[in-house]
Amino acid sequence: MDGISDVAVGVKRGSDELLSSNLYNSPNSGMSSISDGTSNGSDSKKLRVEERVGDAPPSRVLHIRKLPSEVTETEIIALGLPFGKVTNILTLKGKNQAFLELSTEEAAITMVNYYSAVTPHIRNVPVFIQYSNHKELKTDNANQSGGTPTSGSSDGTVTSPSSPVLRIIIDNMFYPVTLDVLQQIFSKFGTVMKIITFTKNNQFQALLQYNDATSAQQAKVALDGQNIYNACCTLRIDYSKLVNLNVKYNNDKSRDYTRPELPAGDGQPAVDPSVAAAFSKDSNSLLGALSPLSAAAAAAAAAGRVALSGHSGASGVLLVSNLNEEMVTPQSLFTLFGVYGDVQRVKILYNKKDSALIQMADMNQAQLAMSHLNGQKMYSKIIRVTMSKHQTVQLPRDGLDDQGLTKDFTNSPLHRFKKPGSKNFQNIFPPSATLHLSNIPQDITEDDLRVLFTNSGGTVKAFKFFQDRKMALLQMSTVEEAIQCLIDLHNYNMGDNHHLRVSFSKSTI
């Protein structure tokens, strides 16, 4: 029975095993003692580093060892981006080591959990990651509360991100790139305040301002060099010398998202108010005819290119544990994980029915699902999601009854991401209490939908139709209730062959 050994997916170096019931153990063994090795007066870091490898409790600061000598900060940061926001980094190049601080302990736990199963590589060199004894990174020029990320360098200096404004050049622009496209992609990393687009030297360029320099740094690391569409529209990103953009008009060339009252300007088409209202909630703009890469997927791809290079065992198969075995089914896992990618196969383990293997269409989708669903509540239990060592999920042999625990969804009509250019690529959000409903029949009322979602088990706190009444936002009282409703009611037949579409929303009502 394949997959049973996968419960011990986080096999550590040595004889220790990371069992699914104890997925948070530290992945390394042995001891090392290091210091920052600098004494440059005011430039020296106030950080005495004495790490005992393998015995530190979970921390949002991770200790990374055996880095190649020519490693860059970008490559180190890319290891952490698929799992959450990176808030600080300290590199000790003389020691081939670094400290990476994530925004939450949960994100750090997920990262350690993943890299216990798949050894990270940078420039084809395996590197080792464990929890640090430090709970946060404190350096001379960093915010002592941990609120402002900095970049450390080998000479002991610490520099803040350059500017909240990014300069973006689009190479190989075979398809149009609009303001809405840029806002959708870059808003995954923070609040986009202003965008100005223009053509210079026969190249489409843009200036994009975040509300803080940290978000600009995260976006630059994750998206520089990525393609918006397959094999074209390549993003080239650098910091601008400007720190604030002056936007006079809201039209198809410039936008100030903090000032919707700005005029459209002479000869420029204004933004349709109804479109702007819908876009500010749950945008349904398309990215064009080819399959676009969401910013979250781009971040995963950036890390995947660094972390998984040279590791032929990497796959798009997830191990999900701590499931409610009385309630979970292959269909429920297909529906929930299908929010973040096209689920190919699901196998609930025969001898351990609180664990399952889920095969996604590719590694990027698997990383997206892992980063968004690990630690969420499903059927009253907090599920744990990590990468599996398996390449594929095996179907049962012909004639073997596995009690319906394995199901092949390869040809399912319910895949959200098979259609090239699907708007679903740009509406990938973490689980939230607010749900986005679409494909609503014209004769369905607010009361009808409130009753439907209440009967699924929960309390509807707020409801709002979009202008055309084909879409709506519905807010449950908790994220867990919203997850349950999505599982139960996505593709629900509302009559006359209208099947309800349910997604998580980034909005509140």
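See above for the structure.
All figures in this text were calculated on a predicted structure; none of them were measured in a lab.

Rules used in this analysis
- Residues numbered from 1 in each chain as written.
- Predicted model: local features only at pLDDT ≥ 70, side-chain atom pairs only at ≥ 80, totals over all residues.
- Heavy atoms only, no water.
- Patch = residues over 30% accessible without salt bridge, like charges linked within 9 Å, V, L, I, M, F, W, Y side chains within 5 Å.
- Areas by Shrake-Rupley, 256 points an atom, 1.4 Å probe, with all protein chains shown as cover.
- Salt bridge = Lys/Arg side-chain N within 4 Å of Asp/Glu carboxyl O.
- Lys, Arg positive; Asp, Glu negative; His and termini not counted.
- Charge placed at Lys NZ, Arg CZ, Asp CG, Glu CD.
- Buried < 20%, exposed > 50% of the residue type's maximum accessible area, 1.4 Å probe, protein only.
- Helix = DSSP H or I, 4+ residues; strand = E, 2+ residues; numbered from the N terminus.
- Pairing = 2+ DSSP bridges.
- Axes fitted to C-alpha atoms, helices over the stretch in contact; angles between N-to-C directions.
- Contact = heavy atoms within 4.5 Å.

Asks: Is there a simple way to explain a negative patch on the surface in this structure?
Replies: Residues D443, D447, D448 and D496 make up a contiguous surface patch of negative charge. Using a relative accessible area of 73% as the deciding quantity, one classes D496 as exposed.

Asks: How should I be thinking about the pattern of salt bridges in this particular structure?
Replies: For the structure shown, the criterion picks out eight salt bridges. Put simply, D180 and R255 hold a salt bridge, and the shortest N to O gap is 3.5 Å. Here the residue D180 occupies a position in helix α3 (residues 179–186), and R255 occupies one in strand β14 (residues 254–256), the gap between them amounting to 75 residues. Residue D180 shares its accessibility class with R255, and that shared class is buried. One salt bridge connects D408 with R345, and the closest N-O pair in it is separated by 3.7 Å. Here R345 lies in strand β16 (residues 343–348) and D408 lies in strand β21 (residues 406–408), a separation of 63 residues in the sequence.

Asks: Explanation requested: the environment of L92 in the structure shown.
Replies: Along the chain, the position of L92 falls in strand β2 (residues 86–92). In this structure, the C-alpha to C-alpha distance between L92 and S69, residues 23 residues apart in sequence, is 10.0 Å.

Asks: Looking at this structure, I do not really get the sheet that holds strand β24 (residues 472–476). What am I missing?
Replies: Whether parallel or antiparallel, the strands of a sheet pair through hydrogen bonds between backbone atoms. Here we have four strands laid out as an open sheet, ordered β23-β24-β22-β25, and antiparallel in their pairing. Edge positions in the sheet fall to β23 (460–465) and β25 (501–504), since each has one partner strand and no second. For this sheet the average axis-to-axis angle between neighbouring strands, irrespective of direction, equals 20 degrees. Contacts from helix α9 (residues 446–455) reach β22 (434–438), β23, β24 and β25, with the element oriented near 145 degrees to β23.

Asks: Please explain the sheet that holds β16 as it appears in this structure.
Replies: In spatial order, the strands read β20-β15-β17-β16-β21; together these five strands make up an open sheet with antiparallel pairing. Strands at the two margins of the open sheet, each flanked by one partner only, are β20 (384–387) and β21. Here the average twist between neighbouring strands, direction ignored, is 20 degrees. Across the sheet, helix α7 (residues 330–337) touches β15 (317–321), β16, β17 (356–360), β20 and β21, and the angle it forms with β16 is around 140 degrees. Together, β15, β17 and β20 form the strand contacts of helix α8 (residues 363–373), whose direction differs from that of β20 by roughly 155 degrees.

Asks: Looking at this structure, how should I read the pairing of β2?
Replies: In summary, the side chains of a regular strand alternate between the two faces of the sheet. β2 sits mainly inside the fold: seven of its seven residues count as buried. Summarising the sheet, β2 and strand β3 (residues 97–102) pair through six bridges and their orientation is antiparallel. Counted as the bridge partner of V86 is L102 from β3. As consecutive antiparallel partners, β2 and β3 are separated by four residues, and within that stretch N96 has a phi angle of approximately 55 degrees, a positive value.

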